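# Summary of the model geometry
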Amino acid sequence: MRGFERTASLLTSRIRKVGESRGFAVSRLLTHWAEIVGDATASIARPVDVKYGREGFGATLTVLTTGAQAPMLEMQKEQLREKVNAVYGYAAIARVRITQTAPTGFAEGQAQFTPAPKPEKQMTPQVKEKAAETAAPVQDDSLRDALERLGQNILSRQDNRKG
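Residues numbered from 1 in each chain as written. Predicted model: local features only at pLDDT ≥ 70, side-chain atom pairs only at ≥ 80, totals over all residues. Heavy atoms only, no water.

## So, the environment of leucine 30
Condition: Each helix is a run of H or I in the DSSP string that is no shorter than four residues. Each strand is a run of E no shorter than two, and both are numbered from the N terminus. A simple rule labels every residue: compare its accessible area, found with a 1.4 Å probe on the protein chains alone, to the largest value its type can have, and call it buried under 20%, exposed over 50%, or partly exposed in between.
Its place among the elements puts leucine 30 in helix α2 (residues 26-31). Residue leucine 30 is classed as partly exposed on the basis of its relative accessible area, which comes to 48%. In sequence terms leucine 30 and aspartate 49 are 19 residues apart; their C-alpha atoms lie 9.4 Å from each other.

## Considering the side chain of threonine 60
To be explicit about the condition: Distance and chemistry together define a polar contact, namely a pair of N or O atoms within 3.5 Å, with one atom able to donate a hydrogen and the other to accept it when in protein, and with adjacent residues in sequence counting only for side-chain atoms on both sides. Whether two residues are in contact is decided by their heavy atoms, any of which lying within 4.5 Å being enough.
Along the chain, the position of threonine 60 falls in strand β2 (residues 59-66). Reaching out from threonine 60, the side chain makes a polar contact with the side chain of arginine 95 at a distance of 3.0 Å. With sequence-adjacent residues up to four places away left out, threonine 60 is seen in contact with Asp49, Val50, Lys51, Arg95 and Arg97.

## A closer look at a nonpolar patch on the surface
Applicable threshold: The patches reported here contain residues having more than 30% relative accessible area and no salt bridge. Joining distances are 9 Å for like charges and 5 Å for nonpolar side chains (Val, Leu, Ile, Met, Phe, Trp, Tyr). Surface accessibility follows the Shrake-Rupley procedure with a 1.4 Å probe radius. Residue values consider only the protein chains on display as shielding. Salt bridges are defined by distance alone: a side-chain nitrogen of Lys or Arg within 4 Å of a carboxyl oxygen of Asp or Glu.
Taken together, the side chains of Leu143, Leu147, Leu150 and Ile154 make up a nonpolar region of the molecular surface, amounting to roughly 330 Å² of accessible area. Relative to the helices and strands, isoleucine 154 resides in helix α8 (residues 141-162).

## Describing the pattern of salt bridges
According to the stated counting rule, one finds four salt bridges in the structure shown. Among the ionic pairs, aspartate 49 bridges to lysine 51, the shortest N-O distance being 3.6 Å. Among the residues examined, aspartate 49 registers a relative accessible area of 29% and is labelled partly exposed. The closest approach of N and O atoms between arginine 81 and glutamate 78, which form a salt bridge, is 2.6 Å. Taken together, the residues span about one helical turn, with arginine 81 and glutamate 78 both in helix α6 (residues 77-88) at a distance of three residues. Residue glutamate 78 is classed as partly exposed on the basis of its relative accessible area, which comes to 39%.

## Quick look at the pairing of β2
What counts is decided by this rule: If DSSP finds at least two bridges between two strands, the strands pair.
Burial of β2 is extensive: eight of the eight residues sit out of reach of the surface. Here β2 shows no split at all, with Ala59, Leu61, Val63 and Thr65 on one side and Thr60, Thr62, Leu64 and Thr66 on the other all buried. As paired strands, strand β1 (residues 45-52) and β2 are joined by seven bridges and run antiparallel to one another. Residue pairing across strands places proline 47 opposite valine 63, the latter belonging to β2.

## Re the nonpolar core
Inclusion rule: Nonpolar cores were defined as sets of buried Ala, Val, Leu, Ile, Met, Phe, Trp, Tyr and Cys residues, with membership established by side-chain atoms within 4.5 Å.
By size, the foremost hydrophobic cluster in this structure holds 20 residues, and its most contacted members are Leu29, Trp33, Leu61, Val63, Val84 and Ile93. Where this core is concerned, the elements lending two or more residues are α3 (33-37), β1, β2, α5 (70-75), α6 and β3 (93-101). Residues within four places of valine 63 in sequence aside, it is in contact with Trp33, Ala45, Arg46, Pro47, Val48, Leu73, Leu80, Val96, Arg97, Ile98 and Thr99.

## Details of the side chain of arginine 81
Among the polar contacts made by the side chain of arginine 81, one reaches the main-chain carbonyl oxygen of isoleucine 93 at a distance of 3.3 Å. Aside from chain neighbours lying at most four places away, what touches arginine 81 is Ile93, Ala94, Arg95 and Val96.

## Some remarks on α6
Inclusion rule: Expected helix span is taken as 1.5 Å per residue step, with the number of steps being one fewer than the number of residues.
With twelve residues, α6 should reach 16 Å at 1.5 Å per residue; the first-to-last C-alpha distance of 17 Å fits that figure. Phi turns positive one or two residues past the end of α6, at glycine 89, with a value near 80°.

## Quick notes on helix α7 (residues 125-135)
We apply this condition: Think of the arc as the fan of directions from the helix axis to the C-beta atoms.
Taken together, the buried positions of α7 are Val127, Ala131 and Ala135. The buried residues of α7 all sit within an arc of 55° when viewed along its axis, so they share a single face. Exposed and facing more than 90 degrees away from the buried side of α7 are Pro125, Gln126, Glu129 and Glu133.

## Topic: the confidence of the model for the chain
The cut-off we apply is this: What pLDDT expresses is the predictor's confidence in each residue, scored from 0 to 100.
Looking at the chain as a whole, the pLDDT averages 77, with 69% of positions reaching at least 70. In the model, residues 103-109 has pLDDT below 50 throughout and makes eight contacts with residues more than four positions away in sequence or in other chains.

Here is the structure:
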């Protein structure tokens, strides 16, 4: 272990241990939500809670959405449950509960389900030229292109730190 570590890497094993004690890896549901339910559903909803009943026959998945999207999601509850259970290979989720919030939530931006687009990197012609010169001696086209992009990223970062 060197220096700082990401919080996610420190907590992953603990979260997995708690989830696996119930036979259900909740962390996978949170981290792979878009892959599990599809981009269309992931853009309007996100999982917020998995609760286990006293009987132990499956869990209740609570999904957060905005008020306008709740009726549409309500009609898709069974398909949503099937998709989640298909990932785990057994009936881990017995019920799906839909909860709603205002478009901004309790604090501004809380209910945003799609991440904001990353800003475009502005690259000066000098940076592009210097990166191309540096990578020019490489014979393999794909390797040269990759090295050129790497050089552009490094040089543009250095320029941003100076300015």
